[in-house]
Amino acid sequence: MNVSNLSISEISNLYKNKELKPSEVYEEVFTNASLSESIIHAHLKLFQDEATEASKLSDERYEKGNPLSDIDGIPIAIKDNINLKNHETTCSSKMLSNYVSPYDATVIKKLRNNGVIFTGKTNLDEFAMGSSTENSAFGPTKNPWNPEHVPGGSSGGSAAVVSVGSAVASLGSDTGGSIRQPASFCGVVGFKPTYGTVSRYGLVAFASSLDQIGPITNSVEDAKILYNSIKGHDPLDATSIKESLVEIPTDKNAKVGVVKELMEEGISDESRKEVEKTIKLLKENGNKVVEVSLPLTKMALSIYYLIAPAECSANLSRFDGVRYGIREAGSTSYEMMENTRAEGFGEEVKKRILLGTYALSAGYYDAYYGQALKARSAITKDFENIFKEVDYLISPTTPTPAFKFGEKTENPLEMYMSDLCTIPANLAGIPAISIPTGLSKQDMPLSIQLMSPARTDSSLLEFSESIEKLLSFNQRTSLLEDMK
Amino acid sequence: MNMVPTIGIETHVELNTNSKMFCNCAVVETENPNESLCPTCLGLPGALPVPNLKAIESITMLALSANCSITKNGMFHRKNYFYPDLPKNYQISQFDLPVGVNGSLEIILNETKETVEIERVHMEEDTGKSVHKGSGRIDSATSTLLDFNRSGVPLVEIVTKPVIKSSKEAVSYIEELRQLVIDLKISEGKLEKGNLRFDANISVAKESDNELGVKVEIKNMNSLRSLEKAIDYEIKRQTKLIESNEVIIQETRHWDEDKEVTSSMRSKEGSADYRYFSDPDLPNMILTDEFIDNIKKTIPTLPSQKRDKLSETGLSNSESNYLSKSEEWIYNLFLETQKLTNDTKSTFNLITGELQGQLRKAGMEKLPEWLTSEKLSEIIKMINENKISFTSGKEILTNLIQNEMSPSKYAEDNNLIQDNDSDEIAKIVKNVIDSNKEVVERVKDGEEKLVGFLVGQIIKSSKGNINPSIAKDLLLKEL
């Protein structure tokens, strides 16, 4: 049986009907991982023994007819910036290369209680800063569709493992597109929930006001199942919201806006055509589709590159060699901290810490960070207003399909541009999803992005499911078949 | 040339909440380092802060009691600086939207009521503790150990405006603030435990100058005594510099407890840029009218209100101040007893002198439950009515502290009732005069101090049952 082509609910049903065992599924994904890792390097660590053990315990639960949940026995990979007790949480940084976490993130606790099998920790751009995983201190991850191409980032490892079938699903984190962009590049579904609906407790912070954990899966339905098992108010996260979700139309009455500014310059023809293709299908389905304008989205990148570095400059201060992580000797405590940070952080991380420190400095705060905060509120307002007219917004997820290694490392601005379409949703705190739609001329995955008002996550997922059906794109990478 | 010192004081008050400011760790008092820790107060990657509601209630109560305007839409900021005992290398504090602003505290300086204006009252978290080995200070230490038990303990910072004029006024202000947090029950208020820690900003200027002089910050004053001494030292130091036309450097100075001098710690010229920005991990601190009203309802009688009430009995400002800073039961006992005796002076003296002294001697912290204001007033009344001597009153009190009994019955049973019958006393006086003729002559010649000796003889022969003042009056009349 090829598990890679099964959805979570299909696997779950087979478990319940005793036609398939969690240990068998785990064995298959582990085999896939063993085969593919040498080429794509998506995992930083595989939990073979622990996961095998967990899968056998899950076998017993199904045997006795009392699984813990509908995702009991589902093998899931975790981005290595989410804390899993007694395992390394390296954030793909030399700084934390020896750091073992003493606690579980809230999302991990929830999944653990639901009987999930954790397959391992996945690669990322150092501290989730990057769009290609080229910034990982432990080497980049390759795109399973073509290893000459990047898998996207920062959750490149999490997207690649789902794409290649070495996990049924994975968790990533999204600060400016870090779930959606790699999902788009690897031809899988990536969902960034409304800010505050999934606890951040245990997610190593990059930019606290933007970070959000979300699922990367083979289908929208899987994303929905995983989202439902990780969401919910968490007393350990003060920014987690107590309000329940709200519903908006998900059938042919749903009105869709095409964001004009995200269809213009900087967007490749190939990416734009996928949106146009989807619009056509929607119209045929009876949905009303209109063009809308969000002029401030053009400023989103500039706003993001002030707010995110400013927050990260403080968030990453704690890595000083005093209490954990690597330590480089120095003749005073300050020299020790300086040497540790000089040695422990990579170039991109240092660049952003410097940028953020500058933006917050006395005399510059008002012009940079203060101004960015104001502009961010304005963007959020714009989204609120536009959502009075339409239920959903559609755009490409990324301006281009996955680019090649080294193609953008020389020009950081061009690299930053790959998050052009995803960043606005983080600034506004709204949910957004990337759905695969087809392949480029170079046989690399293409996608569209859908956004909806804050706290309409369930509706967005439901509507996305119907679009996924209309698109009926279900091609997978042939990497493993080619290897076998 | 007249010099005017101006002082501002920043005080950190450690709240007495059960748990820390942003996590569930217990606030502990222990010699064992690093006992009460969690990912949050240790700054582990991925851990998040959640505000302690009790602490926010406490600071709101303090800000209201210090007559501050309350910031209804406030927030927490991150104050960025690197230090080994600061786990996140930023401190969660408040910047431009503190809980309270523009308040004031009434203090008593000698017999005068003064007002110390408060600039702000804000909430923050404490740091860990660095234990420097080989030396008390980081510059000369051979190694440093870190204890994070204190990390994340809620602190309230109270900053005065630069309005304090002397070391005495500064001490008086701290005493007032200390009493306030004790009465509000939001802190233990123990200076020796570091529950209150203060820094002083001191500047001296010529009286003819219309602006403040260069500000120097003094740190490391651990007691009221060192606060007073450090301020006096610093005023003298700066005055000398100005008088000899030397420049005062804006800097932070360290109070050396042993040498009783201040010494330079660091210059403020390259002053730290804390890069304050609102903490994205914490939502805005919205204090609703309902929340504020509910806090107002729980505010107990404040020290200044106590003083107002005490002054109504006729006590002086300093006497009222003394009682307002005594324990609650002493304050209450005074008011109840005074009501019964209607004698403010005797009641104040007996309670603050004899009673407190005897309790201290007996090693008792509280009054035995039977020692009521009724019993105390009975003693005071007997003394006032000359039924017993003050000495007998003391004796009754000593016994009353140990055993439940009736003061008047005790006085009768132990022959303490004074003989106020003048004929009877007159006889004794006459006897004493007759048997001390030589002394009487000397008194008549002007040796007035011998009167006391004669009075003593009279009391002795009456076995202590004569009121000394009556005896004296009669004696002088006879002479």
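Residues numbered from 1 in each chain as written. Chains lettered and ligands numbered in written order. Predicted model: local features only at pLDDT ≥ 70, side-chain atom pairs only at ≥ 80, totals over all residues. Heavy atoms only, no water.

**Details of the overall build of chain A**
The number of helices and strands found in chain A is 16 helices and eleven strands. Computed over its C-alpha atoms, the radius of gyration of chain A comes to 21 Å, within 12% of the 23 Å expected for a compact globule of 484 residues. Once the C-alpha set of chain A is aligned to its principal axes, its extents read approximately 65 × 55 × 45 Å. Burial statistics for chain A: of 484 residues in total, 63% are counted as buried. Contacts in chain A between residues far apart in sequence, at least 24 positions, make up 76% of those at least 6 positions apart. Entry remark: accessible area of chain A is about 17,100 Å², with carbon and sulfur atoms responsible for 50%. (Helix = DSSP H or I, 4+ residues; strand = E, 2+ residues; numbered from the N terminus. Rg over C-alpha atoms; globule rule 2.2 N^0.38 Å. Buried < 20%, exposed > 50% of the residue type's maximum accessible area, 1.4 Å probe, protein only. Contact = heavy atoms within 4.5 Å. Areas by Shrake-Rupley, 256 points an atom, 1.4 Å probe, with all protein chains shown as cover.)

**Some points on unusual backbone geometry**
Following A:Gly153, the chain continues into A:Ser154 via a peptide bond in cis, with omega recorded as 10°. Considering the arrangement of structural elements, one finds A:Ser154 in the loop between β3 (117-122) and α5 (156-164). Look at B:Asn34: it is not a glycine, yet its phi comes out positive at around 55°. Here B:Asn34 shows up in the loop between β1 (3-14) and α1 (53-65). Its identity is not glycine, yet B:Lys185 carries a phi of approximately 60°, on the positive side. Turning to its location among the elements, B:Lys185 is positioned in the loop between α2 (167-183) and β11 (196-206). Accessibility expressed as a relative area gives 63% for B:Lys185, which makes it exposed.

**What to know about a nonpolar patch on the surface**
All names here are of chain A. On the surface, Tyr358, Tyr364 and Tyr368 cluster together into a nonpolar patch covering about 280 Å² of accessible area. Along the chain, the position of Tyr358 falls in helix α11 (residues 347-360). Looking at Tyr358, the relative accessible area reads 40%, which means it is partly exposed. (Patch = residues over 30% accessible without salt bridge, like charges linked within 9 Å, V, L, I, M, F, W, Y side chains within 5 Å. Salt bridge = Lys/Arg side-chain N within 4 Å of Asp/Glu carboxyl O.)

**Here's the deal with the sheet that holds strand β5 (residues 90-93) of chain B**
Backbone hydrogen bonds hold the strands of a sheet together, and the pairing may be parallel or antiparallel. Reading across the sheet, the three strands line up as β5-β4-β15 (chain B) and stay open at both edges, with antiparallel pairing between neighbours. Looking along the sheet, the strands with just one partner apiece sit at the ends: β5 and β15 (277-278) of chain B. (Pairing = 2+ DSSP bridges.)

**A word on the packing of helix α9 (residues 300-315) of chain A against α11(A)**
For any two helices packed against each other, the geometry is given by the interaxial angle and the distance between the axes. Residue and element names in this part refer to chain A. α11 packs onto α9 with a crossing angle of 100° between their chain directions and a minimal axis gap of 7 Å. As the angle between them shows, α9 and α11 are arranged roughly perpendicular. Seen from α9, the contacting residues are Tyr305, Leu306, Pro309, Ala310, Cys312 and Ser313; seen from α11, they are Arg352, Ile353, Leu355, Gly356, Thr357, Ala359 and Leu360. Among the residues forming the contact of α9 with α11, the class breakdown is nine nonpolar, three polar and one charged. (Axes fitted to C-alpha atoms, helices over the stretch in contact; angles between N-to-C directions. Parallel < 35°, antiparallel > 145°, perpendicular 65-115°, else oblique. Nonpolar A, V, L, I, M, F, W, Y, C, P; charged D, E, K, R; others polar.)

**Brief notes about the pattern of salt bridges**
Following the criterion strictly, the structure yields 49 salt bridges over all chains and no others. For B:Glu106, the salt bridge is made with B:Arg307, and the minimal N-O distance between the two is 2.9 Å. Of the two residues, B:Glu106 sits in strand β6 (residues 100-109) while B:Arg307 sits in helix α5 (residues 303-311), which places them 201 residues apart along the sequence. On the accessibility criterion, B:Glu106 (21% relative accessible area) is partly exposed. Residue B:Glu447 is joined to B:Arg442 by a salt bridge in which the shortest nitrogen-to-oxygen separation is 3.1 Å. For B:Glu447, a relative accessible area of 31% gives the class partly exposed. Counted as one network, the salt bridges with shared partners bring together A:Arg200, A:Asp237, B:Arg78, B:Asp279 and B:Asp281.

**Here's the deal with the pairing of strand β2 (residues 75-79) of chain A**
The side chains of a regular strand alternate, residue by residue, between the two faces of the sheet. Residue and element names in this part refer to chain A. Most of β2 sits inside the fold, with five of its five residues counted as buried. Because side chains alternate across β2, one face comprises the buried residues Pro75, Ala77 and Lys79, and the other comprises Ile76 and Ile78, equally buried. Pairing of β2 with β3, which is carried by five bridges, proceeds in the parallel orientation. If you follow Lys79 over to β3, its bridge partner there is Thr122. In the classification by handedness, the crossover that spans β2, the intervening helix α4 (residues 106-113) and the parallel β3 is right-handed. Relative to strand β4 (residues 169-174), β2 runs parallel, the two being bridged by three bridges. What sits directly across from Ile78, in β4, is Leu171. (Right-handed = clockwise from strand over helix to strand, strands pointing away.)

**Brief notes about helix α3 (residues 48-63) of chain A**
One full turn of an α-helix is made of 3.6 residues, so residues set three or four places apart face in the same direction. Residue and element names in this part refer to chain A. Here α3 contains 16 residues, and its C-alpha end-to-end distance of 22 Å stays within 8% of the 22 Å for a straight helix at 1.5 Å per residue. If you check which residues of α3 are buried, you get Ala51, Ser55, Ser58, Asp59, Arg61 and Tyr62. For α3, the angular spread of the buried residues around the axis is 160°, confining them to a single face. Exposed and facing more than 90 degrees away from the buried side of α3 are Asp49 and Glu63. As for α3, its buried residues are in contact with α1 (8-16), α2 (22-40) and β3. Backbone geometry just downstream of α3 places Gly65 in the positive-phi region, at approximately 75°. (Expected span 1.5 Å × (residues − 1). Arc of directions from axis to C-beta.)

**Brief notes about empty space enclosed by the protein**
All names here are of chain B. In this structure the tally under the stated criterion is six cavities of 30 Å³ or more. Here the largest cavity defines a volume of roughly 150 Å³. Thr40, Cys41, Lys88, Ile92 and Glu125 are, among the 19 residues lining the largest cavity, the residues nearest its centre. Residue composition of the lining of the largest cavity, by class: ten nonpolar, four polar and five charged. Taken together, the residues of the lining of the second largest cavity sort by class into six nonpolar, two polar and two charged. (1 Å grid on protein atoms, 1.4 Å probe; cavity = no way out; pocket = protein on both sides within 12 Å on 5 of 7 lines; lining within 4 Å. Points joined across faces, edges and corners; volume = space filled by probe spheres on them.)

**Points about the nonpolar core**
Ranked by internal contacts, the top residues of the largest apolar core, which has 127 residues, are A:Phe127, A:Leu393 and B:Tyr173. Among the elements that line this core, the one with the most residues is α9(A), at eleven residues. Once residues within four sequence positions are removed from consideration, B:Tyr173 is found in contact with B:Ile9, B:Thr11, B:Leu105, B:Ile107, B:Val116, B:Ile118, B:Ile158, B:Thr160 and B:Ile164. Among the nonpolar cores identified, the runner-up in size contains 60 residues, and A:Phe47, A:Tyr62, A:Ile117 and A:Ile230 belong to it. (Core = buried A, V, L, I, M, F, W, Y, C linked by side-chain atoms within 4.5 Å.)

**Overview of the environment of B:Ile186**
Residue and element names in this part refer to chain B. Looking at where Ile186 falls in the secondary structure, it is placed in the loop between α2 and β11. C-alpha separation for the pair Ile186 and Lys306, spaced 120 residues apart in sequence, amounts to 18 Å. If we ignore the near neighbours within four places in the chain, the residues touching Ile186 are Glu14, Leu15, Asn16, Ser58, Met61, Leu62 and Val181.

**Digging into the packing of aromatic side chains**
All chains considered together, the criterion is met by 27 aromatic pairs over all chains. Each ring, one from A:Phe127 and one from A:Phe319, has its centre 5.0 Å from the other, and the planes form 35°; the classification is tilted. On the criterion of sequence distance, the pair formed by A:Phe127 in the loop between β3 and α5 and A:Phe319 in the loop between α9 and α10 (333-344) is long-range, its members being 192 residues apart. Here A:Phe127 matches A:Phe319 in class, with each residue buried. An aromatic cluster is present here, built from A:Tyr99, A:Phe127, A:Phe319, A:Tyr324 and A:Phe345 joined pairwise through their rings. In this structure, A:Lys142 packs its charged tip against the face of A:Phe405, placed 5.8 Å from the ring centre. The ring of B:Tyr274 carries B:Lys79 above its face, with NZ or CZ at 4.4 Å from the centroid. (Phe/Tyr/Trp six-rings, centres within 6.5 Å; stacked < 30°, edge-to-face > 60°. Lys NZ or Arg CZ within 6 Å of the ring centre and 35° of its normal.)

**Brief notes about the domain arrangement of chain B**
Often, the extent of an interface is quoted as the loss of accessible area on bringing the components together. Domain boundaries in chain B define domain 1 (3-293), domain 2 (326-413) and domain 3 (422-478). A C-alpha centroid distance of 41 Å is found between domain 1 of chain B and domain 2 of chain B. (Domains from an automatic or database assignment.)

**Some remarks on the sheet that holds strand β9 (residues 392-396) of chain A**
Residue and element names in this part refer to chain A. Read across the sheet, eleven strands follow the order β1-β3-β2-β4-β6-β5-β10-β11-β9-β7-β8 without closing on themselves; strand pairing throughout is mixed. Edge positions in the sheet fall to β1 (43-46) and β8 (288-292), since each of these pairs with one other strand and no more. On average, adjacent strands in this sheet sit at an angle of 30° to one another, irrespective of strand direction. In the packing of α5 onto the sheet, the strands contacted are β1, β2, β3, β4 and β6 (212-217), and the crossing angle to β4 comes to about 155°.

**With respect to helix α13 (residues 437-444) of chain B**
All names here are of chain B. Buried within α13 we find Val439, Val440 and Val443. Buried residues of α13 fall within an arc of 100° about the axis and therefore sit on the same side. Among the exposed residues of α13, those pointing more than 90 degrees away from its buried face are Lys437, Glu438 and Lys444. Positive backbone phi, at 115°, marks Gly446, one or two positions downstream of α13.

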